[in-house]
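# Summary of structural features
Residue-level listing of the chains:
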Amino acid sequence: MAGRAARAAHHGDGPPLQIAAGMRRRHHDSSQEGAAMTTMTITAPVMKASLVPSYCRRVGAALLLVALADFLFYGQPAGISVFIFAIVLAAAVVAMHPTALNNARVWLKPAALFAALLPLVENVSPLSLLVAVAALAIFALSLAGRLRTRPARIARQLGLFLLAAPFRFARDFFRWRKVARQLGQRRIRLAAIAVWVMPLTLGVVFLALFGAANPIIEHWLSLIDLYALLEKIEIARLIFWLVVLAGVWAFLRPRLPRFVSRLRRILPTARVARPARTSAEDVLFGKAAILRALIVFNALFAVQSALDATYLWGGVALPDRLTYAAYAHRGAYPLVATALLAAGFVLAALRSGSETSRDPLIRGLVYLWVAQNIALVISSILRLDLYIGVYALTYLRVAAFVWMGLVAAGLALIIIRIALQKSGEWLLSANLLTLSATLYACCFVNFAATIANYNVDHSYEMTGKGVPLDIWHTRSLGPNALPALGRYFEHQKKTFPDRAVGDGPDAMTEFHYRTAQKNWRAWSFRDWRLLRTLDKHGPLANPAVTEPYAPGR
């Protein structure tokens, strides 16, 4: 009981004084020795209660974070300011749980959080923001003592936290009176507010009468321009404050929704025993059906692999009106869908502890089939590479490469799971760790520059092969494509000295980019490297074009 009270006081879940009172009542009839022990157990929660951050401290920290967010973000570019705000938010979370870091390995959690926030220093993007929000949520839950230890359960808790985060502040706001009563704070009664209604109303009436009777008071009242005050109120800014307040409150008071546990209590847990009988599921997905399915599937996949080896890699002539690029493109994505379907079948057929999972013949056929699926995914990657060699690179095709790699890794993990007889939770955790590591690594890859450099270096103008460079698509990649476009135009000017090559739009893009980078909030390590690269090319080619038009100039 003492341990439960201490945990409740540590997390701020319940009123420590009520817990102490309940413990006092339960031990009232005990012996003198038991009474002494009771006094000791009562003292610990009360001492820890003083360490529990009050709601006033949380509200104060939230308001300070809102003010900081207004200074860093509202009407400002996003850059290193996001990393600064994340660090301050993490410090506020630590301040709300000061006793959570009292252990020998106190540096592990902050160090892991700092590593997860490093992508914000590299570049602010939707992916780096996603990684940062997930890391801050896990950090807050861990300090609150609400985090599980296995990756699959952590992912479930993270999803529940992010699902309930937008509504946490509103829910706590409406429960404020109850929380204030639990923490022993003074309640604000409606009567205390109602007693001011009549004085203020009559005061306004008397002030209006005095204004009509006294010209000086009338002059003072005329100086108050209510419309000017209302015009200074920005609705968008108020909405921004409320959104930030709701967001940071979820981290300052990290909680998980309880509807899942309530559903478990509502739904019946006991199942009525039924007599054993053969069902349709046992016939369709029994040992005999799975054995026959694996034989058929291996044969079909062998045919597909043989066709790829013959036409795609063997160089055999394709049928009329079918190019190698079309053959490669048509098979890239369906084969990935085939591999995903095969993975689902394997997981359903070879459940942990089932009869089929112990059969050596079925296990061998599964190994062969999953190996063929991995080969098909690799073939899909090579197909996509051939297609990109003809039709250039885009964001979606880069994402397809990453997706196919994750599918191949997932299939390999299925083989490991079957061979080592691991559970389904182990497989889910391994896939989540693989996905997390991949997304974290992608935060440090400059995909815009990679796409621009590839398309420029493999364009028809640069190599005499492939397709002409899509300049508008390359420009749409943003400032990171400027070095590649610079190399492209320099090559064009050297190859065709008499042809006019326009660089006005790119010079304008560089000018606006340099202007935006003068704001310290927009700094990032990637932008710093890009500016150094642009500085090596000297001043802008056409400064007159880059200067914006202004009336009177």
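Counting from 1, residues in each chain are numbered in the order their sequence is written. Reporting of local features is limited, given that this is a predicted model, to residues whose pLDDT is at least 70; pairs of side-chain atoms are given and counted only at 80 or more, and all residues count toward the totals for whole chains, interfaces and linings. Side-chain numbers here rest on the full set of heavy atoms in the structure, without hydrogens or water.

### Some remarks on the overall build of the chain
Where helices and strands are cited, they refer to DSSP runs of H or I of at least four residues and of E of at least two residues respectively, numbered from the N terminus. Looking only at helices and strands, the chain features 29 helices and zero strands. In the chain, which comprises 553 residues, the share counted as buried stands at 35%. In the chain, of all internal contacts separated by at least 6 residues, the share reaching a separation of at least 24 is 72%. Using a 1.4 Å probe, the Shrake-Rupley method yields the accessible areas, and only the shown protein chains count as cover for residues. About 33,600 Å² of surface is accessible on the chain, with carbon and sulfur atoms providing 67% of the total. The classification of residues rests on relative accessible area computed with a 1.4 Å probe and restricted to protein chains. Under 20% of the type maximum is buried, over 50% is exposed, and intermediate values are partly exposed. Any two residues whose heavy atoms approach within 4.5 Å are treated as being in contact.

### A short note on the packing of helix 11 (residues 197-213) against helix 12 (residues 215-222)
An axis is simply a line fitted to the C-alpha atoms; with a helix, the fit covers only the stretch in contact. Between two such axes, the angle follows the N-to-C directions and lies from 0 to 180 degrees. Between helix 11 and helix 12, whose axes approach to 5 Å, the crossing angle comes to 115°. The handedness of the crossing between helix 11 and helix 12 comes out as left-handed. Where helix 11 approaches helix 12, its residues L207, F210, G211 and A213 are matched on the opposing element by P215, I217, E218 and L221. Residue type decides the class: Asp, Glu, Lys and Arg count as charged, Ala, Val, Leu, Ile, Met, Phe, Trp, Tyr, Cys and Pro as nonpolar, and the leftover types, Gly among them, as polar. For the contact of helix 11 with helix 12, the residue count by class is six nonpolar, one polar and one charged. Whether a crossing is left-handed or right-handed is set by the direction in which the near helix is turned from the far one by less than a right angle, anticlockwise for left-handed and clockwise for right-handed.

### Let's talk about the pattern of salt bridges
What counts as a salt bridge is simple: a side-chain nitrogen of Lys or Arg found within 4 Å of a carboxyl oxygen of Asp or Glu. Under the defined criterion, the tally for this structure stands at eight salt bridges. The closest approach of N and O atoms between E122 and R529, which form a salt bridge, is 2.9 Å. Of this pair, E122 sits in helix 6 (residues 108-122) while R529 is found in helix 28 (residues 525-535), placing the two residues 407 residues apart along the sequence. Taking relative accessible area as the criterion, E122 reaches 6% and is therefore assigned buried. A relative accessible area of 31% places R529 in the partly exposed class.

### Re the nonpolar core
Membership of the largest hydrophobic core comes to 45 residues, with the highest contact counts inside it found for F251 and L252. Mapped by element, the contributors of at least two residues to this core are helix 4 (55-72), helix 5 (80-96), helix 6, helix 7 (126-143), helix 8 (151-174) and helix 14 (235-252). Ranked by the residues each element gives to this core, the list is headed by helix 5, at ten residues. When neighbours within four sequence positions are excluded, L252 is seen to be in contact with R58, A61, A62, L65, A92, V93, M96 and H97. To qualify as a nonpolar core, a set must consist of buried Ala, Val, Leu, Ile, Met, Phe, Trp, Tyr and Cys residues joined through side-chain atoms within 4.5 Å. With 44 residues, the next largest nonpolar core counts F301, W369, L376 and I451 among its residues.

### Considerations on helix 26 (residues 482-495)
The first and last C-alpha atoms of helix 26 sit 20 Å apart over 14 residues, in line with the 20 Å expected at 1.5 Å per residue. Those residues of helix 26 lying buried are L482, P483, A484, L485, Y488, F489 and Q492. Expected helix span is computed as 1.5 Å times (number of residues minus one).

### A closer look at a nonpolar patch on the surface
Residues qualify for a patch when their relative accessible area is over 30% and they have no salt bridge, like charges being joined within 9 Å and the nonpolar side chains of Val, Leu, Ile, Met, Phe, Trp and Tyr within 5 Å. A surface patch of nonpolar side chains, about 600 Å² in accessible area, is lined by M198, L202, V205, F206, L209 and F210. Here F210 is to be found in helix 11.

### Considerations on the packing of aromatic side chains
A pair of aromatic rings is counted whenever rings of Phe, Tyr or Trp (Trp by its six-membered ring) have centres within 6.5 Å, and the orientation is called stacked for planes under 30 degrees apart, edge-to-face for over 60 and tilted otherwise. Inspection of every chain in the model, using the stated rule, returns eleven aromatic pairs. Between Y440 and F444, the aromatic rings sit 5.3 Å apart at their centres with planes inclined by 70°, giving edge-to-face as the arrangement. Its relative accessible area of 35% is what places F444 among the partly exposed residues.

### Points about unusual backbone geometry
Backbone geometry places A392, a non-glycine residue, at a positive phi of 75°. For A392, the location among the structural elements is in the loop between helix 20 (360-391) and helix 21 (395-420). Residue A392 is classed as partly exposed on the basis of its relative accessible area of 21%. Although it is not a glycine, Q421 sits at a positive phi angle of roughly 55°. Position of Q421 among the secondary structure elements: in the loop between helix 21 and helix 22 (424-442).

### Focus: the environment of A155
Within the secondary structure, A155 is located in helix 8. On the accessibility criterion, A155 (30% relative accessible area) is partly exposed. As for A155 and A134, which are separated by 21 residues in sequence, their C-alpha atoms are 9.5 Å apart.

### Describing the state of the cysteines
A pair of sulfur atoms, both from cysteines and within 2.5 Å, is called a disulfide here. What the rule picks out here adds up to zero disulfides. The thiol of C442 is not disulfide-bonded; the next cysteine sulfur, from C443, is found 7.3 Å away. According to the relative accessible area criterion, C443 is buried, its value standing at 3%.

### Section: the side chain of N446
Along the chain, N446 turns up in the loop between helix 22 and helix 23 (447-457). In contact with N446, other than residues within four places in its own chain, are N480 and R526.

### Things to note about the confidence of the model for the chain
Scored between 0 and 100, pLDDT is the confidence that the predictor attaches to each residue. Averaged over all residues, the pLDDT of the chain is 75; the fraction at 70 or higher stands at 71%. The low-confidence segment residues 1-53, where pLDDT is below 50, has 44 contacts with residues more than four positions distant or belonging to other chains. Every residue in residues 269-276 scores below 50 in pLDDT, and together they form one contact with partners more than four places removed in sequence or on other chains.

### Points about the environment of Q304
Secondary-structure assignment places Q304 in helix 17 (residues 287-312). Spatially, the C-alpha atom of Q304 lies 8.4 Å from that of L376, the residues being 72 residues apart in sequence.

### Topic: the side chain of R521
Looking at the element boundaries, R521 is found in the loop between helix 27 (504-516) and helix 28. Here the positive residues are Lys and Arg and the negative ones are Asp and Glu; neither His nor the chain ends is included. As a buried residue without a salt bridge, R521 has its nearest oppositely charged side chain in D70, at a separation of 8.5 Å. Polar contact is defined as a pair of N or O atoms within 3.5 Å, subject to the rule that within protein one atom must be able to donate a hydrogen and the other to accept it, and that residues adjacent in sequence are counted only when both atoms are side-chain atoms. In terms of polar contacts, R521 uses its side chain to reach the side chain of Q76, at 3.4 Å. Once residues lying within four places of it in the same chain are set aside, the contact partners of R521 are F71, L72, Q76, P77, A78, G79, I80 and S81.

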